[in-house]
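One-letter residues, chain by chain:
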Amino acid sequence: MRLLTPFFTTRFLGFVAFSWVGCAMAAVDFTKDIQPIFVEHCYACHGEKKQEAGFRLDRKESFFKGGEYGPALVLGKSAESLLFLAVSGATDQVARMPKKSPALSSEEIGLLKAWIDEGAQWPDHGVAQAKSAKDHWAFKAPVKPVPRAVKGQKWVRGDVDRFILSDLEKEGLKPSPETDRVTLLRRVYLDLIGLPPTLEQTDAFLGDKSANAYPKVVEQLLKSPHYGERWARHWLDAARYADSDGFEKDKPRFIWAYRDWVVNALNRDLPYDAFITEQLAGDLLPGSTEDQKIATGFLRNSMVNEEGGVDPEQFRTDGLFDRMDAIGKSVLGITIQCAQCHTHKFDPISQEEYYRLFAFLNNDHESSRVYYPPSLQQSVSDLTRQMRDLEDGLRHVTPDWQERMKGWEDSVKQDQPDWKVARAFHQGEKGERFYDYVDGSIRASSYAPTYWTAEFWATNHAATVGAFRFEQLNDPNLPCGGPGRSIKGMAALSEFRAELEDLSTTNKIKVKFVNATADFSNAEKPLEAEFDDRSGGKARPYGPIQFAIDGKPSTAWGIDAGPGRRNVPRKAVFAAEKPITFTNDFRVRFFLEQNHGGFNSDDNQNHNLGRFRMSHTAGTNAVADPLPATVREILAIAPERRSTAQIAAVFSYWRTTVPSFKETNEKIEALWKTWPEGTPTMTLAMRKGAMPGDEARATHMFRRGDWLKPGKEVAFGTPAFLHPLPPDADGSRLAFARWLTDKKSPTTARVAVNRTWQQLFGTGLLETPEDFGTQSPPPYHPELLDWLACQLMEEGWSMKSLLRTLVTSATYRQSSRVTPALLARDPANRLLARGSRFRVEGEIVRDVALATSGLLNPVLGGRGVYPPAPEFLFLPPASYGPKVWTEEKGADRYRRSLYVFKFRSIPYPVLMNFDAPNGDFSCVRRGRSNTPLQALTSLNETVFMECAQQLAMQVLTHGGNTDDDRITYAFRRVLSRHPTPFERTELKSLLQRQSQRIAEGWINPAELATGKNEPAKLPPNTNPTQLAAYTVVSRALLNLDEAITKE
Amino acid sequence: MNKFEQLLHQQRQFTTRRWFFKECGVGLGAIALRGLLGQNSAQAAAPAGLHPLAPKKSHFPGKAKRVIYLFMAGAPSHLELFDYKPQLAKFNGTLPPEELIKGYRAAFINPSSTLLGPKFKFAKHGKSGAELSEVLPYLAEVADDIAIVRSMHTDAFNHAPAQIMMNTGSQQFGRPSLGAWTTYGLGSETQDLPSYVVFSTGGKGTSGGASNWGSGFLPAFHNGTLFRTGGDPVLYLSNPKGVDDPMQKDTLDTINRLNSKRLGTIGDPEIAARINAYEMAYRMQHVAPEVMDISKEPQHIRDMYGAEPGKPTFANSCLLARRLIEKGVRFVQIFHESWDQHGSLKKDLKHNCEVTDKASAALVKDLKQRGLLEDTIVIWGGEFGRTPMVQGGDDGRDHHPNCFSMWMAGGGIKPGLTLGASDDFGFNATVDKVHVHDLHATLLHLLGFDHTKLTHRFQGRDFRLTDVSGEVVTKLLA
């Protein structure tokens, strides 16, 4: 995150901020240097709650008084001071402090020494601060204040203005006049939808002389679908949204459905409390919709490290820390992450309280689901209905279907051999990591190597082995629920091998398999493009189960039943040539060869096994149970206790076994073939204890935040200094979300309005939107902050209402022109005696160029897009591994910047140069820098140049016939206002000078106007020189400070 | 002043002076003027107030002014390069003592894997008698100019977190890198080039990605700028097709005149900063390609590095690093990710040394002969070490955080020093241990900073590169 406001970056840095550099080092500062040491090391035993040896050092007077052993200090003489002797352990005469926890660092001891030697200055406010943390203004729920009376009533349009004006009047300042209408229009367009008005929109507004012309525009903009896109950007920063995992592999990930959810939620003005609740716990809401489940992607935006050799638990824990941090910054506005390692030094949150909050988030699966965007939802429901109708038809023409199905059930009920689960454990090097579950199954996780043989062994008691069963099982942590690890949750098993070893004789027998069966194999097919291993077209088919025992590593068993049906359990049975009998304990060694992944496992091309389980049985005649595992489970339930859905599920399988249903079965099969391909999206799913691996997870405190040092177990809970959790609250994320969005929360509404204020006015009423704690600077207009927070809640947490209130205020409508006197008085414009003026965000910088040139493709939503970018960035050595960045050639090339694919390790340079964060962590306040790299970007980057070219084309097509008209037209497209005579003259002379050079042959006009060495299609009555010269003028216009500034 | 410089000079005079005085000065008033007309050092052509990266004073005069960091990503084996262990050779093929590996976590291997003797011979070099591997023959020639630290240790043993740790002092992403802290503290001595330049030359990219040279919560202009050794060194440096230099200049001048006029009307000094940025961009368009053109170097210098114009090699990058710091770039970092020898240890290490040894040593020699080594720190090292235990058959080593080696030279580093020692197997650093935080504290000290005082307030807390630890390693100081 970058924190500097524009004021800070350009003015403060130069004139003020670095005045400290070169200054002599200050003396030890009690509040900054000493008190934190006391808080961390001493308060536990010598603070408010406990006063061991009658000594307490959280108060000035008691500190200087000392305890049972006398005064703690001899002023100016550290060597004689008890405090120093205790913490330094300098002498055996004094017990070393702290007694029960690690000693102070030498640096801390040094600070204490210096402080004592300098006379132990303890300012009075330090005491006050320590005592009053719980009384801090932001930790008490806001109460709606009554606006103060003001003199300048005429200027006031609403309560917001009263607060602002009363402060201005106190300061002896006057507000600025309302800005001109064009500027106001462009301002509110950029603020509400992130796009400038078109010429038509500008003219319509200027032509509307009614009193409510402006409020009408505000309403239009709040209804625009682009409103959601613009405001989603801010939230997505806070949500640390990106399209890749981060860390070394930085694999692409599928979570754009969450991004679209945010856009959508904002567009339908989902109340802010529900907006937060759904993102934290949408899956746990009663009757939760698909949409609400997708909202939980918010929490999944944490980075994931799947480099070789990692322990997945370490990075799961890091991911949870990141989720806490994101909630702390974006919802709570409290820097809770400090308490990850130790009790917060300044704010009243203890380490234990941190882990109580952590417990709310610690009981989930990192799940993913198949998402059907709106464009596909219709066909999914149509197909579902058609299949149901066809099955209803079968039931209709088969009145005795229940009896017949029962007969079938009786015939299959007892047809399975006894399978004994072989609890197998992973052997060998730790490329891929494996979780072992109590049911004997194993789940692969973390780094997924390709060309990889996973080796397991199991110890068994004396038995006869005739066949092995290999089950592939679903697991919420696998892509789309598995059973495999490919993007679609699929796996390919190249070879299955087993060795048996008599433990008493160490005789080894390599099992020879003669028969293999499976409940499902896909038809033989070549691997899909994503699994290309770049071996130059070597055939690597996958399909029938026999491929797993054919001795050929290049063929594999495939289980891909196509969209809609693929993510279900599968099983295979491998029968040995003859039974092998052991009279002693023996060991089975399994080799699971997996050669059917792609060349680049860093790019999500793995095809590895996900969750699986091995069993064996005595007979060699065993075959794979053709019944789906789910059907087998239902058959185990007493018939009268089966639900309608369960009966229907059995029917759906049973009908496939009935020869006379052939025709209908084929129709249904044909429908399945048309089922659309959804897209995976990352979500959370609660661990509910429904199956092995689903057990509730206990939360422990981690000493110093180290996941390898678990301390005491803690239960869910909330910090004591905040509003209480309702007595009936459980430990679910939903309870947490409800608590966060409780109207009694002192910070939630304040944080929301402050962040919104920041987006409109450049700086929040409180400058630190992520930190409302005791270390935050005092807010400007604290009453206004509280008024807005209460107003937000009163208006049903409607963010659109809040924005409406703000952008229609007189405060917002002020001119941003600044006089030297005002600049001197209030350089950062915190008092708002003028309108805010600052460079728009990186995404909008680019969107302005796209929109004003006419290239913008305004389509909403969908996968991330790949605008032109230098190819080398996505290849080693700039990138760790090769990444896919297929430059868009069609209309997607000009989509809004919100949709540009976000690789965390290779941020899209155009946006990065304009301060867009890369999503490594939650960011609620962007910096706003002003650099030469930005200039180079908007001058020279491919799409910016294409915008200049397209704008020139528009000018010559629609801009009139004279250069004056054309320049005015181009100017108004980019800046909305008319040019001044000076501006028109400047641009015209640029046009003339460069036209002349083009005419003289210095420049290839075709190349300039098209980027290619081929003539452009010219508008009527124009020539190539004109098109080229207007490209130059357009490029200059798009690079004006004003073009990328909200004036 | 050559012709090119003259051109630049004229250009600067034109826009900066004329327009700031004539057009903007009038409307702006005292505040802006103080910056606009402020002192005008030789390095900073434009007024200081408009340069967030203007040179700044350190806490105290530092011996070093700039840094070249050769980041050997992937983690080179200290046991084959810097830390000779005869005992390891002797116990080759046997299991390590149990107490040594008790509680030890390894990335890939079972900690109870057999010990693997060093793959290369070692010999002592120079007056200092520094012990170096046979695969570092060039480094041996500068043995008396460098300090080898054999007692490094770190907290992380996976690449991405460990690289982030080594570069930012934290395993968590989001903190500013050493290079960013350096420019934050010292500013830049050039306004025509980025202050912090990054190259990547290995077989792959780094594990930590752009965050290795990120600015974290510092202003974004402290980000390292990735340079390419071929093509446009800086992204978007070249004019678009069809735009020649006079057209570019004419366009920029027009933009700046319009912006200047606007500045006069609106009065927001941010516009002045924009004008300045466009001027710098234009200068960068000329300066950067010139600096990057190593064909301008004499043949014997190119040979010294093993540099060949037009190739994206480590050697070229080392030579470019020297050229860049000569132009005032504050921090150059070359990432060479090739050192992750889980297997093929002998062959790959040999190859890596062939690629990097000559140029690394040449950099030290070349800086020295130009008098630049005095105030330039050169650092060579990876993110952790390798296990004394074998991985795979008999030719690989796993990740190892407890002990590894680095070397440094110049900028106040004590030459000819070998600091610290490890146990008989090179498993644990034992004498004069240097943690990553200590290394950072020492480097900041050399640059003139008290590492506990170079801070940035973020989220209610003063953050620093060394977090809450780090001690200056005084033995490393000349």
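As the structure is a computational prediction, the values presented were derived from the model and not from experiment.

Participant: Can you lay out the overall build of chain B for me, pointing to particular residues and giving the numbers?
Facilitator: Tallying secondary structure elements over chain B gives 14 helices and 17 strands in all. Evaluated residue by residue, chain B yields a buried proportion of 65% over its 478 residues. Partitioning the intrachain contacts of chain B with sequence separation of at least 6 by distance along the chain shows that 75% fall at a separation of at least 24.

Participant: Could you give an account of the overall build of chain A, with specific residues and numbers?
Facilitator: The number of helices and strands found in chain A is 36 helices and 21 strands. Taken against the 2.2 N^0.38 rule, which gives 31 Å for 1047 residues, the C-alpha radius of gyration of chain A at 34 Å falls within 12% of a compact globule. Across its three principal axes, chain A shows a C-alpha extent of roughly 100 × 100 × 60 Å. A burial count over chain A gives 51% of its 1047 residues as buried.

Participant: Outline the domain arrangement of chain A, listing residues and values.
Facilitator: For chain A, the assigned domains are domain 1 (30-134), domain 2 (254-368 + 698-746), domain 3 (385-413 + 636-677), domain 4 (420-624) and domain 5 (942-1046). Once you take the C-alpha centre of each, domain 3 of chain A and domain 5 of chain A turn out to be 68 Å apart.

Participant: Describe the domain arrangement of chain B, naming the residues involved and giving the relevant values.
Facilitator: Each domain of chain B was delimited in the assignment, giving domain 1 (1-37 + 241-298) and domain 2 (53-229 + 311-476). Class assignment for the residues of the side of domain 1 of chain B that touches domain 2 of chain B results in 7 nonpolar, no polar and 2 charged.

Participant: Describe the confidence of the model for chain A, and please don't skip the residues or the numbers.
Facilitator: Residue and element names in this part refer to chain A. Considering every residue of chain A, the mean pLDDT works out to 91; 96% of them sit at 70 or more. Across residues 1-26, confidence stays below pLDDT 50; counting only partners more than four residues off in sequence or on other chains, it has 60 contacts. Low pLDDT (under 50) marks residues 126-130, which in the prediction has 9 contacts with non-local residues, meaning those over four places away or in another chain.

Participant: Lay out the packing of helix α12 (residues 314-326) of chain B against helix α13 (residues 345-369) of chain B with the relevant residues and their values.
Facilitator: Residues and elements named next belong to chain B. For the pair α12 and α13, the least separation of the axes is 8 Å and the interaxial angle reads 15 degrees. Taken together, the axes of α12 and α13 are roughly parallel relative to one another. α12 and α13 meet at a crossing whose hand is right-handed. Residues F314, A315, C318, A321 and R322 of α12 form the contact with α13, whose own contacting residues are V355, T356, K358, A359, S360, A362, L363, D366 and L367.

Participant: Can you break down helix α32 (residues 942-958) of chain A residue by residue, with the values?
Facilitator: Residues and elements named next belong to chain A. The end-to-end C-alpha separation of α32 is 24 Å, in line with the 24 Å expected for 17 residues at 1.5 Å each. Buried residues dominate α32, accounting for 14 of its 17 residues. Just past α32, the residue G960 takes up positive phi, approximately 90 degrees.

Participant: An account of the interface of chain A and chain B is needed here, citing residue identities and associated values.
Facilitator: Accessible area lost upon the coming together of the parts is a frequently used measure of interface size. Listed as interface residues are 98 residues of chain A and, on the opposing side, 83 residues of chain B. Taken together, the elements giving at least two residues each to the side of chain A that touches chain B come down to α1 (6-15), α28 (820-825), α31 (932-940), α34 (981-999), α35 (1005-1010) and α36 (1024-1038) of chain A. By residue number, the principal contributor to the side of chain A that touches chain B is α31(A), which donates 8 residues. Split by residue class, the side of chain A that touches chain B holds 43 nonpolar, 31 polar and 24 charged.

Participant: Explain the nonpolar core to me, and be specific about the residues and the numbers.
Facilitator: Counting residues in each nonpolar core, the largest one holds 327 residues, and the members touching the most others are L792(A), V1033(A), A147(B), C318(B), V378(B) and M408(B). Looking at this core, the element that brings in the most residues is helix α10 (residues 269-292) of chain B, giving 14 residues. In terms of nonpolar packing, the next biggest core, distinct from the first, is built from 46 residues, L473(A), A518(A), I549(A) and F612(A) among them.

Participant: Provide a residue-level description of the sheet that holds strand β8 (residues 492-493) of chain A, including the pertinent values.
Facilitator: All names here are of chain A. As summarised here, the arrangement of the 3 strands in space is β8-β13-β12, forming an open sheet in which the pairing is mixed. Where the open sheet ends on each side, the last strands, each with one partner, are β8 and β12 (542-543). Bridge analysis of β8 against strand β13 (residues 556-558) gives 2 bridges, and the strand direction is antiparallel. Looking at β13, one finds that L493 is bridged to W557.

Participant: Which residues make up the sheet that holds strand β6 (residues 452-460) of chain A, and what values go with them?
Facilitator: Residue and element names in this part refer to chain A. Pairing is antiparallel in the open sheet, where 5 strands are placed in the order β3-β6-β15-β9-β10. A strand with exactly one partner marks an edge of an open sheet, and here the two such strands are β3 (425-427) and β10 (508-510). Averaged over all neighbouring strand pairs, the angle between strand axes comes to 25 degrees, with direction disregarded. Of the strand pairs in this sheet, strand β9 (residues 495-502) and β10 are connected by 3 bridges, and their pairing is antiparallel. Considered in β10, the bridge of L500 is made with I509.

Participant: Could you give an account of the pairing of strand β4 (residues 433-436) of chain A, with specific residues and numbers?
Facilitator: Residue and element names in this part refer to chain A. Examined bridge by bridge, β4 and strand β5 (residues 442-445) share 4 bridges and lie antiparallel to one another. Paired with Y435 across the two strands is R443, which belongs to β5. If you look at the hairpin formed by β4 and β5, you'll find 5 residues sitting between the two strands, and G440 has a positive phi there, around 85 degrees.

Participant: Can you explain the packing of helix α29 (residues 842-853) of chain A against α32(A)? Please cite residues and give values.
Facilitator: All names here are of chain A. With their axes 8 Å apart at the nearest point, α29 and α32 run at an angle of 25 degrees to one another. The angle between α29 and α32 places the two elements in the roughly parallel class. As for how α29 packs across α32, the hand of that crossing is left-handed. Touching A849, L850, T852 and S853 of α29 are F944, C947, Q950, L951 and Q954, all from α32.

Participant: Now, about the pairing of strand β2 (residues 122-125) of chain B: what can you tell me, with residues and values included?
Facilitator: Residues and elements named next belong to chain B. Summarising the sheet, β2 and strand β3 (residues 130-133) pair through 4 bridges and their orientation is antiparallel. Paired with H125 across the two strands is A130, which belongs to β3. From the end of β2 to the start of β3, which pair antiparallel, there are 4 residues, and G126 there has a positive phi angle of about 65 degrees.

Participant: Describe the environment of H400(B), listing the residues and the values that go with them.
Facilitator: All names here are of chain B. Relative to the assigned elements, H400 resides in strand β10 (residues 397-400). Along the primary structure H400 and L465 are separated by 65 residues, whereas in three dimensions their C-alpha atoms are 23 Å apart. Ignoring anything within four residues of it in the chain, the contact list for H400 reads F157, F384, G385, R386 and T387.

Participant: Explain helix α24 (residues 748-761) of chain A residue by residue, including any values.
Facilitator: Each α-helix winds once per 3.6 residues, and so residues spaced three or four apart point in a common direction. All names here are of chain A. Here α24 spans 20 Å end to end across 14 residues, near enough to the 20 Å set by a 1.5 Å rise per residue. Most of α24 is tucked away, with 11 of its 14 residues classed as buried. Along α24, the residues classified as buried are T748, A749, R750, V751, A752, V753, N754, R755, T756, W757 and Q758. Elements that come into contact with the buried residues of α24 comprise α11 (225-238), α13 (272-281), α16 (312-332), α23 (733-740), α25 (782-794) and α26 (799-807). Remark: G762 follows α24 within two positions and exhibits a positive phi of approximately 95 degrees.

Participant: Account for the environment of P719(A), with residues named and values stated.
Facilitator: Residues and elements named next belong to chain A. By the element assignment, P719 lies in the loop between β19 (710-714) and α23. On the neighbour-count criterion, P719 (22 C-beta atoms within 10 Å) is buried. With 362 residues separating them along the chain, P719 and L357 place their C-alpha atoms 8.0 Å apart.

Participant: Requested: an account of unusual backbone geometry, with residues and values cited.
Facilitator: Residues and elements named next belong to chain A. Of note, the bond from G482 into P483 is cis; its omega dihedral lies within 30 degrees of zero at 15 degrees. Along the chain, P483 turns up in the loop between β7 (464-473) and β8. Cis peptide bonds are those with omega within 30 degrees of zero, and the linkage from P876 to P877 qualifies with 0 degrees. By secondary structure assignment, the location of P877 is in the loop between α29 and α30 (909-913). Here R704, not a glycine, exhibits a phi torsion of approximately 50 degrees, which is positive.

Participant: Tell me about the confidence of the model for chain B, residues and numbers included.
Facilitator: Residues and elements named next belong to chain B. Summary statistics for chain B give a mean pLDDT of 89 and a share of 89% for residues scoring 70 or more. Across residues 1-49, where pLDDT falls below 50, the model places 76 contacts with residues more than four positions away in sequence or in other chains. Confidence estimates for the predicted assembly give a pTM of 0.88 and an ipTM of 0.86.

Reading the values: rules and limits
- Residues numbered from 1 in each chain as written.
- Chains lettered and ligands numbered in written order.
- Predicted model: local features only at pLDDT ≥ 70, side-chain atom pairs only at ≥ 80, totals over all residues.
- Helix = DSSP H or I, 4+ residues; strand = E, 2+ residues; numbered from the N terminus.
- Buried ≥ 20, exposed ≤ 12 C-beta atoms within 10 Å, placed from the backbone.
- Contact = placed C-beta atoms within 7 Å.
- Rg over C-alpha atoms; globule rule 2.2 N^0.38 Å.
- Domains from an automatic or database assignment.
- Nonpolar A, V, L, I, M, F, W, Y, C, P; charged D, E, K, R; others polar.
- pLDDT = per-residue confidence, 0-100.
- Axes fitted to C-alpha atoms, helices over the stretch in contact; angles between N-to-C directions.
- Parallel < 35°, antiparallel > 145°, perpendicular 65-115°, else oblique.
- Left-handed = near helix turned anticlockwise from the far one by under 90°.
- Expected span 1.5 Å × (residues − 1).
- Core = buried A, V, L, I, M, F, W, Y, C linked by C-beta atoms within 7 Å.
- Pairing = 2+ DSSP bridges.

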